[in-house]
Structure formats: C-alpha cells, structure tokens
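Below, each chain spelled out in residue letters.
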Amino acid sequence: MSRSSSGFRFEILREDSGRVLLRLVGPLDAKSVSRSWKAIRRGLRRLSFRSLRIEAAGVDRWDSAGVAFLQLLRRQAEERFQAEVAIEGLPPEWVRTFEPPTSTAGEAAGSAEEAEGLIGTIGHTAIEEVTLAGDAVAFLGGLTRGLAAAFQPRIFRPREFFRIFESAGVDALPIVSLISFLIGLVIAFESARPLAAFGAQIFIANMIGLLMIREMGPIMTAILLAGRSGSAFAAELGTMKVNEELDALRTMGVDPIRFLVIQRVIAGMIATPLLTIYSIFVGILGGVLVMIGLGYPLEAVYHQMDSAVRIHDILIGVAKAAVFGLLISASGCFLGLRTRQGPAAVGASATGAVVTGILLIIIADAVFSLLLYLLNL
C-alpha cells in the first residue's frame, strides 16, 4: 500500500481475470489528491482490466476535490479501458453525485412524444395554434384601441416616434436606393431584347413606370423593411420580454402595446409609403438610364411614361405600401411580445418576424391584385 505525507493511502490489487481493486484509506481531499493522482493513474495504466472496483469505505474525510477525483478516474477508466467502474463505500451525501442520469431533457421530451403518439402531437399543435390565434386577436384589439387614441399626449411619445422613424426609415435609404436602382436596370435590360423583336422597345418606359409604381416599388421596399425593421422590432421587444421589462411595465399599470407598440406601428405606416415613393423614383431612374443608353431621347421616354401612368396608379402603390408597413410593424411587435424564455428565444422571434412579415406582404399583395382586377383599376 502506498502512503502520502498527508495520511492518505491507496492500494491497487489485481483480483481475478480482468478485475482490479483500488482501495482508498484516509483523507481524500485536495492535498492528498494532488500528491497521489499521478501515482494512481500510473499504477492503473500498468494493468489491463475490464472491471475496476473502487473501495472508498476507508476514507475518513471528503471534499469536492476528492469527489471530482473519483469522477475523473471513473470517466477515464470507461473511455480509455472500456471498463466497468463500481464505487463502494461512498458517504450518503455523495451517492447521488455518482448515479447516472436517467435521461436528458431532450430524451425525456422525445420519449414523451413517442408515448403520446400522433394524437397527442396533433392535440398539442392544435392547442398551440388556438393559443396563438387568441393572442393575435387580443393583440389586434389592443392595437386598434391604441391607434384610436394614439395622438393623446399621455400615449403618443414624439421623441420615441422620431427615433424609430429614423432607424426604420431614414437609415434604410442606402439599401433601398441600391436595390431599387438595380431593379429598374434589370427590368429595362430583361425587356429590351424581347420587345426589340417587335420593334416596341419604346414600351419599356410603360413597363418600368407601371411595374415600379404599382408593384415592384411597394413590394421590394416592404420586403427590405421586413428583413430590416420587422426583425429589429421583434428583437428589441423580445429582449425586453426576456429581461422582464414588460412585466415591470404591467406591474406599474402601463400597457406595453400603448407604450411600445403604437409608436413603432405608426412609424412603419409612415416610413414605408415615403420609402416606396423614393424607391419608385430611383427605380424609374435606373430604367430611364437604360433607355437613354439604347438611344431614346429623355423627352420621348418622359412622354411615353406620362401616357401610361395615371394618378390612381400612384395612389394604389402608396396605399399598398401603407398596408405593408402596418403588417410588417404589427407582426414584428406581436412576435416580440410573444418571445419565450431562453438564450435562443430572441433570435427565434426575429426570424419569425421576417418570415411572417414577408408572408403577410405576399398575401396582402395577392388580395390587392384580385380586388384591383375586379374593380378594373
């Protein structure tokens, strides 16, 4: 038996075939572990074993270093020697530390789902969807009440509104300029060759004007804002939810929808049409440059576009943009308020806001197209 100066002793014995006994006696603490660890590991390496029995009944003093030593010793024996390890004589307060976990949280969730089967999964999904629908109705009710009283001094906060308007609208000018200009170029270039086959390249001006004003300007601006501002709204409110700031507002009797959401929704409804008008102008500029490059004078392009575009086309584009802005802002704020707890919750809310915003934009655009066709506009 080997002895250390601290009074700790250990003994390594070979029992029958493939079995080894490690007997520990004395204080198993940080001091004894630091002095005996290398000798114990060296002694075990010399032996070939399939089973290791650690007898700790003779240990008269324990600390966390001794427990960590046994844990490490067991793990190394299992990983390096593929051996079974049994620890005997542990104090009652340390026994649970060495018990293998019954299952991880993921395994438990998986086994629960397996046990529930298809009907249980459908039931949980249905409950989640009904809860989501109820939350959406409550949110829409609060949003409607808030918008109806939005400009009361105690509800509307001008400083917060201008801050959000700047971040959601003014700061988006560079990316909107680039995308709109390139969209105008692409429309002109892609339509130039097919129309040239009919000698009708002059109608590129009609196409650029109508497409940018009625469709591409509003929808491209809205998609950009969904990815940029909708996700920002969701992340900002989601962070406040995780940090329990929303609960603090409710405790003080402040409605989070009126205090936080109204300014963002109004800013989105105003910023989106303004950015859309700017996007239309930049997109038309890109297409006009292509037509000038094809040899058409600016005056001819202007008269051709003026004959195709009417005032109600511009009103339709701006109305679409206002609705898109409402959908983007409201969906981002709604998902931000529904953020769950956990490190990935805010990211999930931001991602959901982008996906939901774009989906609502496409649906609303389809509804607009159907109504405008039926109304012959």
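Note on numbering: residues in each chain are counted from 1, in written sequence order. It should be noted that, the model being predicted, local features are given only for residues of pLDDT at least 70 and side-chain atom pairs only at 80 or more, the latter also being counted only at that level, while totals for whole chains, interfaces and linings use all residues. The side-chain quantities take in all heavy atoms of the structure and omit both hydrogens and water.

1. Re the overall build of the protein chain
Here is step 1: Along its length, the protein chain carries twelve helices and five strands.
Here is step 2: What the globule rule says is 2.2 Å times the number of residues to the power 0.38, and the radius of gyration is computed from C-alpha atoms. The C-alpha atoms of the protein chain give a radius of gyration of 35 Å, which is well past the 21 Å a tight globule of 377 residues would have.
Here is step 3: Its C-alpha atoms put the protein chain at 105 × 55 × 45 Å along the principal axes.
Here is step 4: Sequence separation of at least 24 residues holds for 80% of the intrachain contacts in the protein chain that already meet a minimum separation of 6.
Here is step 5: Accessibility throughout is a Shrake-Rupley quantity obtained with a 1.4 Å probe, and a residue counts as covered only by protein chains that appear here. When the accessible surface of the protein chain is totalled, it reaches about 20,600 Å², and 63% of it is carbon and sulfur. Secondary structure elements are taken from DSSP: a helix is a run of H or I of four residues or more, a strand is a run of E of two residues or more, and numbering for both begins at the N terminus. Here, residues are in contact when the closest pair of their heavy atoms is within 4.5 Å.

2. Some points on the side chain of Ser 177
Here is step 1: Summarising the element assignment, Ser 177 is placed in helix H6 (residues 173–196).
Here is step 2: Apart from residues lying up to four places away in sequence, Ser 177 is in contact with Tyr 278 and Val 282.

3. Observations concerning the packing of aromatic side chains
Here is step 1: Stacked, tilted and edge-to-face are the three classes assigned to paired rings of Phe, Tyr and Trp, where Trp is represented by its six-membered ring and a pair needs centres within 6.5 Å; plane angles under 30 degrees give stacked, over 60 edge-to-face, the rest tilted. One pass over the structure, following the stated rule, counts four aromatic pairs.
Here is step 2: A ring pair is formed by Phe 139 and Phe 334, whose centres lie 5.3 Å apart and whose planes are at 50°; its orientation type is tilted. Here Phe 334 lies in helix H11 (residues 311–337) and Phe 139 lies in helix H4 (residues 105–148), a separation of 195 residues in the sequence.
Here is step 3: Relative accessibility decides the category of a residue: with a 1.4 Å probe and only protein chains considered, values under 20% of the type maximum give buried, values over 50% give exposed, and everything between is partly exposed. Phe 139 gets classed as buried once you look at its relative accessible area, which sits at 6%.
Here is step 4: Take Phe 334: its relative accessible area is 12%, and that puts it in the buried class.
Here is step 5: Aromatic side chains Phe 161 and Phe 162 sit 5.2 Å apart centroid to centroid with 70° between the ring planes, which places their arrangement in the edge-to-face category.
Here is step 6: Residue Phe 162 is classed as exposed on the basis of its relative accessible area, which comes to 53%.
Here is step 7: Grouping aromatic residues by their ring pairs yields a cluster made of Phe 161, Phe 162 and Phe 165.

4. Quick look at the packing of H6 against helix H9 (residues 256–293)
Packed helices, taken two at a time, are described by the angle between their axes plus the distance between the axes.
Here is step 1: Angles shown run from 0 to 180 degrees and are taken between the N-to-C directions of axes, each axis being a line fitted to C-alpha atoms and, for helices, limited to the stretch in contact. Packing of H6 against H9 brings their axes to within 7 Å, and their N-to-C directions diverge by 40°. Judged by the inter-axis angle, H6 sits oblique to H9. For the crossing formed where H6 meets H9, the hand is right-handed. On the side of H6, the interface is formed by Leu 173, Val 176, Ser 177, Ser 180, Phe 181, Gly 184, Leu 185, Ala 188 and Phe 189, while H9 contributes Leu 275, Tyr 278, Ser 279, Val 282, Gly 283, Gly 286, Gly 287, Leu 289 and Val 290.
Here is step 2: Three residue categories are used. Nonpolar comprises Ala, Val, Leu, Ile, Met, Phe, Trp, Tyr, Cys and Pro, charged comprises Asp, Glu, Lys and Arg, and polar comprises the others, including Gly. Taken together, the residues that form the contact of H6 with H9 break down as eleven nonpolar, seven polar and no charged. Oblique is the label for any angle not covered by the other classes, which are roughly parallel (under 35 degrees), roughly antiparallel (over 145) and roughly perpendicular (65 to 115). Two helices cross in a left-handed way if the nearer one is turned anticlockwise from the farther one by less than a right angle. They cross in a right-handed way if the turn is clockwise.

5. Considering helix H1 (residues 30–45)
Here is step 1: Residue count minus one, scaled by 1.5 Å, sets the expected span of a helix. Under the 1.5 Å per step criterion, the end-to-end length of H1 is 22 Å for 16 residues, consistent within 8% with the ideal 22 Å.
Here is step 2: Bend, in this description, refers to the angle at a residue between axes fitted to the seven residues ending there and the seven starting there. Bending of H1 peaks at approximately 45° at the position of Ser 36.
Here is step 3: For H1, the elements touching its buried residues are strand S2 (9–14), strand S3 (19–28), strand S4 (51–62) and helix H2 (64–80).

6. Let's talk about empty space enclosed by the protein
Here is step 1: Only protein atoms enter the calculation, which uses a 1 Å grid: trapped sets of points that fit a 1.4 Å probe without letting it out are cavities, open sets showing protein on both sides within 12 Å along at least five of seven lines are pockets, and any residue with an atom within 4 Å of a point is a lining residue. Grid points are joined across faces, edges and corners, and a volume is the space filled by probe spheres set on the points. A full pass over the atoms with the stated rule returns two cavities of 30 Å³ or more.
Here is step 2: Its boundaries defined by the atoms lining it, the largest cavity holds a volume of some 90 Å³.
Here is step 3: Taken together, Arg 41, Leu 44, Arg 45, Phe 49, Leu 52, Leu 73, Gln 76, Ala 77, Arg 80 and Phe 81 make up the lining of the largest cavity.
Here is step 4: Counting only elements with at least two residues in the lining of the largest cavity, the list comes to H1 and H2.
Here is step 5: The biggest single contributor to the lining of the largest cavity is H2, with four residues.
Here is step 6: Counted as a void, the second largest cavity has a volume near 50 Å³.
Here is step 7: Lining the second largest cavity are Ala 168, Leu 225, Ser 229, Phe 233, Ala 267, Gly 268, Ala 271, Thr 272, Ile 328 and Ser 329.
Here is step 8: Elements supplying a minimum of two residues to the lining of the second largest cavity: helix H7 (204–242), H9 and H11.
Here is step 9: When residues of the lining of the second largest cavity are assigned to their parent elements, the largest contribution, four residues, is made by H9.

7. Notes on the confidence of the model for the protein chain
Here is step 1: Taken residue by residue, the protein chain gives an average pLDDT of 83. The fraction at 70 or more is 90%.
Here is step 2: A residue's pLDDT is the confidence the predictor assigns to it, expressed on a 0 to 100 scale. This model gives residues 102–106 a pLDDT under 50, and the stretch forms one contact once residues within four places in sequence are excluded.

8. Here's the deal with the pairing of S4
Here is step 1: By this definition, two strands are paired if DSSP reports at least two bridges between them. Note that S3 and S4 share nine bridges and pair parallel. Counted as the bridge partner of Gly 26 is Val 59 from S4.
Here is step 2: With the strands aimed away from the viewer, a crossover counts as right-handed if its path from the first strand over the helix to the second runs clockwise. Each parallel crossover has a hand, and for S3 linked through H1 to S4 it is right-handed.
Here is step 3: As paired elements, S4 and strand S5 (residues 84–88) share five bridges and run parallel to each other. Bridge assignment links Arg 53 to a residue of S5, and that residue is Ala 86.
Here is step 4: Where the polypeptide runs from S4 across H2 and back to S5, its parallel neighbour, the crossover connection is right-handed.

9. A short note on the packing of helix H5 (residues 158–168) against H7
Here is step 1: Interhelical geometry of H5 versus H7 gives an angle of 140° and a closest axis separation of 10 Å. The angle between the axes of H5 and H7 places the two elements in the oblique class. Together, Arg 163, Ile 164, Ser 167 and Ala 168 of H5 and Leu 225, Arg 228, Ser 229, Phe 233 and Glu 236 of H7 make up the contact between the two elements.
Here is step 2: Looking at the contact of H5 with H7 residue by residue, the class counts come to four nonpolar, two polar and three charged.

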